[in-house]
Amino acid sequence: TPMRYRLRPAGSLEEVPAKFNLYNARKDSLQERKSWKQLLGKSHGIFPFKSFFEWVKDAEGKSQLINFFPKEREVMWAPCLYDSWSGPKLVGNGKEHFSSFALITDGPAPEVAEQGHDRCPLFLKESQITQWLAPSASNPQDLVELLNQQEEVTYLHSYLEKTSNSGGENSQLKLF
């Protein structure tokens, strides 16, 4: 299902300001933060991707874009939470509607931390996908425990861009 990569909660009257990270749901805040708590156990998805990009600062304080990809796997299966938003159309009759999602992240793998980034998407084992997608049979703590059993991944990386621009702090994903 096509979705926007940045959660917009169903009941929001206006777009949540960008200063609030709704791209990534940190695993350690799933049961506490309102944005995630109401979706955990209800609206789960899987996002398959091949690599992810992160902006990090080099020794000179310049932003550097790094592409991380798994050493021994072609596809990663990231758990996500999603929601559907509806609001009035700005032009014409009817309502605007779209679904959006946030990836679940955790602390970084050692290779990601060495490059200066503080988090990384979770990587589910293929055997966990069905359980993640059918959350109604599980309580929230069991779901977090499932995420604690994530697949171990060793990442390789490549540098893509060096710039003095300090923007672009948001993660980017490489689709198929």
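Up top is the structure.
Below you will find a few notes about this structure. Throughout, residues of each chain are indexed from 1 in the direction in which the sequence is written. In keeping with the predicted nature of the model, local features appear solely for residues at pLDDT of at least 70, side-chain atom pairs appear and are counted solely at 80 or more, and the whole-chain, interface and lining totals rest on all residues. Calculated side-chain values reflect all of the structure's heavy atoms, with hydrogen atoms and water omitted.

For the rest of this paragraph, the subject is the overall build of the chain. For the purposes of this entry, the term helix denotes a DSSP run of H or I that reaches at least four residues, the term strand denotes a run of E that reaches at least two, and both are numbered from the N terminus. Helix and strand content of the chain: four helices and ten strands. The N-to-C order of helical and strand elements in the chain reads β-β-α-β-β-β-β-β-α-β-α-α-β-β. Burial classes: relative accessible area under 20% of the type maximum marks a residue as buried, over 50% as exposed, and values in between as partly exposed (1.4 Å probe, protein chains only). Counting over 176 residues, the chain shows a buried share of 45%. Contacts are assigned to residue pairs that have any heavy atoms within 4.5 Å of one another. Long-range pairs, those at least 24 residues apart, make up 68% of the contacts in the chain between residues at least 6 apart in sequence.

This brings us to the nonpolar core. Each nonpolar core is a collection of buried residues, namely Ala, Val, Leu, Ile, Met, Phe, Trp, Tyr and Cys, held together in the definition by side-chain atoms within 4.5 Å. Formed by 19 residues in total, the largest nonpolar core has its most connected members in Phe-52, Leu-103, Val-112 and Tyr-155. Put simply, the parts of the chain that give this core at least two residues each are strand E3 (44-49), strand E4 (51-57), strand E5 (63-70), strand E6 (76-88) and strand E7 (95-106). At three residues, E6 tops the list of elements feeding residues into this core. In this structure, Val-112 is in contact with Phe-52, Phe-68, His-117, Arg-119, Cys-120 and Tyr-155, ignoring residues within four places of it in sequence. Ranked by size, the runner-up nonpolar core spans 18 residues in total, among them Val-16, Leu-22, Trp-36 and Leu-39.

Salt bridge, as applied in this entry: a Lys or Arg side-chain nitrogen positioned within 4 Å of an Asp or Glu carboxyl oxygen. Considering all chains together, one arrives at ten salt bridges under this definition. Of the charged contacts in the structure, one is a salt bridge between Glu-15 and Arg-8, with a shortest N-O distance of 3.6 Å. Among the residues examined, Arg-8 registers a relative accessible area of 7% and is labelled buried. Of the charged contacts, one joins Glu-60 and Lys-62 as a salt bridge, the two residues approaching to 3.8 Å between their closest N and O atoms. By relative accessible area, Lys-62 is classed as partly exposed at 34%. Here the salt bridges do not stand alone but share partners, grouping Arg-4, Arg-6, Arg-8 and Glu-15 into one network.

Further remarks concern the side chain of Arg-8. For Arg-8, the location among the structural elements is in the loop between strand E1 (4-5) and strand E2 (24-26). When sequence neighbours within four positions are dropped, the list of residues in contact with Arg-8 reads Leu-13, Glu-14, Glu-15, Asp-83, Trp-85, Phe-98 and Ser-100.

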